[in-house]
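The primary structure of each chain is shown beneath.
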Amino acid sequence: MNDYRFSLNGADLVALPSGALWWPDQALAVVSDLHLGKSERMARRGGAMLPPYEVRETLERLEAVLDTSCARKVVCLGDTFDDLDAMDNLREDEALWLTRLMAGREWVWIEGNHDPGPTAFGGAHLAEMAMGPLTFRHIAAPDAGPGEVSGHYHPKMRFGAGSHRAFLLDERRVILPAFGTFTGGLRHSDAALAGLMQPPARAILTGKRALAVPLPCGDQADSRASTA
Amino acid sequence: MHVLPKVFTQWFAERGWSVHPHQAEMVQRATEPSLLLIAPTGGGKTLAGFLPTLAELADGTHKGLHTLYISPLKALAADIGRNLRTPVDEMALPIRIEDRTGDTSYTKKRRQRADPPHILLTTPESLALMLSYDDAHRTFAGLQRVVVDEIHALAESKRGDQLMLCLSRLQAMCPDLRRVGLSATVEDPPALAHYLARHPDPCPVLHADPGPDPDIAMLETAELPPWSGGGGRYAIPAVLDQVKAHKTTLIFHNTRAQAEIFFHALWLANDDALPIGIHHGSLAREQRDKVEAAMVAGQLRAVVCTGSLDLGIDWGDVDLVIQVGAPKNVKRLIQRIGRANHRYNAPSKALLVPANRFEVVECHAALAAARDHDLDGDPRGPGPRDVLCQHILIRAAAGPFAAEDLYAEVQSCGAYAALTKQEFDDCLEFAATGGYALRAYDQWQRLVEKDGLWQLRDPRAGNRIRMNIGTIVDADLMKVRLKHARGGMPLGEVEEAFAATLTKGETFLIGGQVVRYEGLREMTVEVTRTPGATPRIAVFSGTKFATSTQLSDRILQLFKLSSWPDLPGHTADWLALQRDMSRLPGDEKLLVETFPHDGRWHMCAYGFAGKNAQQTLGLLLTQQMEADGLQPLGFVATDYATLIWGLREVTKPGWLFDATDMREGFESWLNGNYVMKRTFRNSAQIAGLIERNIPNGKRKSGRQATFSSDILYDTLNKYDPNHLLMQITREEAMKGLVDFGRIEHMLARVGDRIDHVKLDRVSPLAAPLFLEVGKVPIKGEAREHLLAQAAESAMAAAGLS
């Protein structure tokens, strides 16, 4: 009951509170924007030395999603690695961990703007992928046909007291929140996102439970009420 | 140099002035390695600090920088520059004086590093920046004196710690450097002297004649103060009468939001159109400059202001200070009052305006403390380690260094004298590698050790470090501008969190004007003027000052009296009624009232621990209550009490206040709390874990590249809970926003003496708490439920389901 079920272009899908998308008919799990190796990339570039635990944290959560759902297929919707060097520099134990998660599963890497090249991890590597009524790509195409599943924008939304990572959903497309631990977000009302979604649209907040709210939404009014 | 050269005595004589005794003594004792001067405002304090410098430079033989003057305010540095030029020009002294702040042009700054003036006026941050360049030793060669102005104010924040670390650096380059501190009246001069001097050198303290006692009273108003709230609006007619009766009045408020509301209301009542301005730290520089200039020109009859006017600049003919809202702190009150009558030996005149009924009591206690010269202040703890981490990075930006040398320098700061080698090494390790227990950046360390010297791995990192110098951490602010095709007039700033709640067409107050929110443009809030609408008030979540321990104690002492003939009748009656119906809080026991009201059970704990600590107490108690199924729904805290409401009655509150349990609860509570996360964020920025500014600086307007520091906190908490920054965060939690230190103090004071009074209705003292704003809802299972309900009804309203 913590999940949110919806249908997109005839496919019955489930938004999980973790920010992953689940397609039961295909036993397919979708995650987007893992940005593995972000802390390593920042340090490499002479920036702040962030806690180097985010790969591990992200993989822990990914593993939990895959174990719970018993996923047989996995699609990573792009920006899985923060850059191609970060992929090569992944610690050995963490690379093994990822390989272990892949074992026995059909695995598809969609190319993102941060990781525009083949991975060293096997699986299929694609710019985009069509499967039944759905099309999977990293960045939503404004003129895409119905049934598009994408990521890239890291949408989030302020509702109640806090800001939540969120799925954005309308009749034609769903945009996934970022799954990676060290990822920021873009407010749903930003022009880049608002232009993509057609009414009637909704956001599905992630967190303890997946919670749907309408878009555009008076989230402002609600956040004020909660501080009153 | 123990006497003034003749040209000086002549100059004084020509003006019919005499040298103040403390000014003469500063000249006589000019060779002391450290000297702290404590003088009231208007006592010629700054000239006292500079006389030895002017005398030493009079013969024109000194080459290069002689004296560095540090002030907490850019504006003050510029102001002092102007004031100093008068005697220098009139005596035709061969002295070059320049200021250097964030506003100084790039070319001028470069020139100053290569060819410094004799006297350089600057701020702690600009000094830190100068020290981060590899030519610092050339810039500062020959430096003789450093004058730290308003050192009492600097010492209250981390800016002072950073400055003292910088002085230790300077002292290493210039061993003969002499230090002078200039301070307003403080509660513990020797402690401040210890803070200033090179440890373990002694630091004599010189006291100027404090002048006559100020003339302070409570403002009498026709209307009674309200039961709660902080605005003081009821007093506006009386305040206007005072403004009319005086030349220039400063009207101080404790928060920016209150200053805004008061100013707005004052204008609506200002039938004579008296020229009145507003000045606070969130207004645009241009707006503040206008008010300051009008003030100096004597064109304003009053300025509504906040702490941004607390310091130094000479405003000329201020003859009255009005403090709206309880002063919270006697020392700051005295310093504020010193803003009136900047003439030596004339008493300053001040009026207090309690904003509500309880503040009448607090103002009364503050008046008594001021009369007794009983100043408050908490002893400073050891120097904060986040500032040290930044200092290490700055040192590395300036060139290779040996750890031993830097450790010795750091220990020569009074605040860091007790720093252990292990603690220092932890900070160095953090700066070099991030200091993570389970994972290491072997390849990408920020600092590396080569041949016994620590240095930047990538020299380009130096610029990133320079871009993030400073210890002032503000909430994320967004600029507010009038909407205009080519970028309209800047009005000021609001917090990003407040801006996020605005919708198009909503109105809010800024700089006393009502404006209408039009939209966001490139991270700027665009507004239009709109008269007349009922505006919202921008919230500023900065640290709220809590009533000081000493002042709280005085209030508790006041409660012990059998009657209160000195208090206004309405307030004395109120206290008597409380004594009748329940009890008055005392210092040896903790009064806890429980009563039903409006269908909820309530518990009110009168800890008198200050707003921040009472807030933390509310969070801790409700956590415990939630765990025990007492179903708390929310609480509200003031400086003196915490009121909690819930679905079930607390029949035995005693056990909730067990010190051991409370401490345990605190430990676990630390982990997930938003105040802790804010505390962490501040330290993480200062220590350099989070970079506020990055090269090619603009924040991306498209997809936001940054992520919340809360994620870093959660990650460290999960994998590396003993990381240096987590240790620092816990340390900081004892004071400031969390202020657990004062809960400990309160628990120690009352021990197990919980005075539980069971009532059948609200007590007189608890009643005003129901009117307080800032109620905190409890994020229990009940709240999850409410959130889901809210989402559901929004979906239903939108026709979705």
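Residues numbered from 1 in each chain as written. Chains lettered and ligands numbered in written order. Predicted model: local features only at pLDDT ≥ 70, side-chain atom pairs only at ≥ 80, totals over all residues. Heavy atoms only, no water.

Visitor: Could you clarify how one ought to interpret the packing of helix 11 (residues 236–245) of chain B against helix 12 (residues 256–269) of chain B in this entry?
Guide: Packed helices, taken two at a time, are described by the angle between their axes plus the distance between the axes. All names here are of chain B. Where helix 11 meets helix 12, the closest approach of the two axes is 10 Å, and the angle between their N-to-C directions is 75°. Taken as axis vectors, helix 11 and helix 12 run roughly perpendicular relative to one another. For the pair helix 11 and helix 12, the contacting residues are Ile236, Val239 and Leu240 in the first and Phe262, Ala265, Leu266 and Ala269 in the second. (Axes fitted to C-alpha atoms, helices over the stretch in contact; angles between N-to-C directions. Helix = DSSP H or I, 4+ residues; strand = E, 2+ residues; numbered from the N terminus. Parallel < 35°, antiparallel > 145°, perpendicular 65-115°, else oblique. Contact = heavy atoms within 4.5 Å.)

Visitor: I keep staring at the state of the cysteines and nothing clicks. Help me out?
Guide: Considering all chains together, one arrives at zero disulfides over all chains under this definition. As a non-bridged cysteine, Cys389(B) has Cys427(B) as the owner of its nearest cysteine sulfur, 3.9 Å distant. (Disulfide = S-S within 2.5 Å.)

Visitor: Would you mind going over the UniProt feature "domain: Calcineurin-like phosphoesterase" (unreviewed entry) in chain A with me for this structure?
Guide: If you check UniProt for "domain: Calcineurin-like phosphoesterase" (unreviewed entry), the listed places come out as residues 29–121 of chain A in our numbering. Between the end C-alpha atoms of residues 29–121 of chain A the distance is 18 Å, and the span holds 42% helix and 13% strand. (UniProt positions renumbered as here; feature names shortened; annotations may be inferred.)

Visitor: Could you clarify how one ought to interpret the pattern of salt bridges in this entry?
Guide: Opposite charge on two side chains makes pairing possible when the charged atoms of those side chains draw close. Within this structure, the stated rule accounts for 47 salt bridges over all chains. The salt bridge involving Lys718(B) is made with Glu60(A); its shortest N-O contact spans 3.1 Å. One end of the pair, Lys718(B), is in helix 26 (residues 709–719); the other, Glu60(A), is in helix 2 (residues 54–69), on a second chain. On the basis of relative accessible area, Lys718(B) is assigned to the partly exposed category, the value being 44%. Judged by relative accessible area, which is 29%, Glu60(A) ranks as partly exposed. (Salt bridge = Lys/Arg side-chain N within 4 Å of Asp/Glu carboxyl O. Buried < 20%, exposed > 50% of the residue type's maximum accessible area, 1.4 Å probe, protein only.)

Visitor: Help me understand the confidence of the model for chain B in this model?
Guide: Low pLDDT marks stretches whose predicted atomic positions should not be read closely. With 92% of its residues at a pLDDT of 70 or more, chain B has an overall mean of 87. Within the model, the stretch residues 698–705 of chain B combines pLDDT values under 50 with 16 contacts to residues more than four positions away or in other chains. (pLDDT = per-residue confidence, 0-100.)

Visitor: Would you mind going over the sheet that holds strand 1 (residues 4–8) of chain A with me for this structure?
Guide: Two orientations exist for strands paired in a sheet by backbone hydrogen bonds: parallel and antiparallel. All names here are of chain A. Across the sheet, which stays open at both edges, the seven strands sit in the order 1-2-3-4-5-6-7 with mixed pairing between neighbours. Strands with a single pairing partner mark the edges of an open sheet, and in this sheet they are strand 1 and strand 7 (124–126). Between one strand and the next, the sheet's axes are offset by a mean angle of 25°, whatever the strand orientation. Across three bridges, the pairing between strand 3 (residues 21–23) and strand 4 (residues 28–31) is antiparallel. Its bridge partner being in strand 4, Trp22 is matched across the sheet by Ala29. (Pairing = 2+ DSSP bridges.)

Visitor: Please explain the sheet that holds strand 4 (residues 119–122) of chain B as it appears in this structure.
Guide: Residue and element names in this part refer to chain B. With parallel pairing, seven strands are arranged side by side in an open sheet as 3-4-2-5-6-1-7. Edge positions in the sheet fall to strand 3 (97–100) and strand 7 (205–207), since each has one partner strand and no second. The average undirected angle you get between the axes of adjacent strands in this sheet is 20°. Both strand 2 (residues 67–70) and strand 5 (residues 145–148) contribute to a ladder of four bridges, which runs parallel. In the sheet register, Leu68 faces strand 5, and the bridge partner there is Val146. Across the sheet, helix 5 (residues 106–114) lies against strand 3 and strand 4, angled at about 125° from strand 3, the strand it touches most.

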